[in-house]
Amino acid sequence: MADQLELPAYARSLGLALTGESEGGMPVLTVDFGPMVEGRPQHFHGGATAGLLENAGYAALRTALIAAGRDPVLKPINITVQYLAAGKSQASFAVGRITRLGRRNANVSVEAWQSDRSRPIATAVMNILMV
């Protein structure tokens, strides 16, 4: 699974990586805390958190599409992020879950967390056009 995915340049520039683990068959992404993702001192920047969520959502969708033998171009319709807690100066993780996969569009929900999987720091809902 993860060996078939390649993260885009933006994800790599933030320091995002595949953990090699999966949750429900979907890849888990991670990012270590550092200067590329720091906003206010010792906290993740909201944009970096959103970038982690977005890339985890696309990774989940690409995983499902590869499994189905499909390779469409993905175009975001909208992405809604909810910030639930401040990301502290430690590694963050995220995983996407496909809620609907149609012929032309997909809906994906994503969660990001740090040390405790049951306490997400942010969530996102993504609606994606596939052409």
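(A) Spotlight on the nonpolar core. Among the nonpolar cores identified, the biggest contains 28 residues, and Leu-16, Leu-29, Leu-52, Leu-61 and Val-110 are the most heavily contacted of them. Of all the secondary structure elements, the ones that give two or more residues to this core are helix H1 (9–14), strand E2 (26–31), helix H2 (46–67), strand E5 (105–113) and strand E6 (120–130). It is H2 that provides the largest number of residues to this core, a total of 8 residues. Formed by 6 residues, the second largest nonpolar core is a distinct cluster that contains Met-26, Val-28, Val-95 and Trp-113.

(B) Just the environment of Arg-97, in detail. Position of Arg-97 among the secondary structure elements: in strand E4 (residues 92–101). Considered as a pair, Arg-97 and Gly-25 are 72 residues apart in the sequence and their alpha carbons are 9.1 Å apart. Setting aside chain neighbours within four positions, we find Arg-97 in contact with Ala-60, Asn-107, Val-108 and Ser-109.

(C) Inspection of the environment of Val-31 at higher detail. Among the secondary structure elements, Val-31 is positioned in strand E2. Between the alpha carbons of Val-31 and Arg-12 there is a distance of 9.6 Å; along the sequence they are 19 residues apart.

(D) Region of interest: the packing of aromatic side chains. Summed over all chains, the structure comprises 2 aromatic pairs. Between Phe-33 and Phe-44, the aromatic rings sit 5.4 Å apart at their centres with planes inclined by 65°, giving edge-to-face as the arrangement. In this pair, Phe-33 sits in the loop between E2 and H2 while Phe-44 sits in the loop between E2 and H2, placing the two residues 11 residues apart along the sequence. Overall, Phe-33 belongs to the partly exposed group, its relative accessible area being 22%. Note on Phe-44: relative accessible area 9%, which makes it buried. A centroid spacing of 6.0 Å and a plane angle of 25° characterise the contact between Phe-93 and Trp-113, whose relative ring orientation is stacked. Here Trp-113 lies in strand E5 and Phe-93 lies in strand E4, a separation of 20 residues in the sequence. Take Trp-113: its relative accessible area is 8%, and that puts it in the buried class. Between Arg-117 and the ring centre of Trp-113, over which it is positioned, the NZ or CZ distance is 4.0 Å.

How each quantity is defined
Residues numbered from 1 in each chain as written. Predicted model: local features only at pLDDT ≥ 70, side-chain atom pairs only at ≥ 80, totals over all residues. Heavy atoms only, no water. Core = buried A, V, L, I, M, F, W, Y, C linked by side-chain atoms within 4.5 Å. Buried < 20%, exposed > 50% of the residue type's maximum accessible area, 1.4 Å probe, protein only. Helix = DSSP H or I, 4+ residues; strand = E, 2+ residues; numbered from the N terminus. Contact = heavy atoms within 4.5 Å. Phe/Tyr/Trp six-rings, centres within 6.5 Å; stacked < 30°, edge-to-face > 60°. Lys NZ or Arg CZ within 6 Å of the ring centre and 35° of its normal.

Everything listed here is a matter of coordinates, which is why it stays silent on function.
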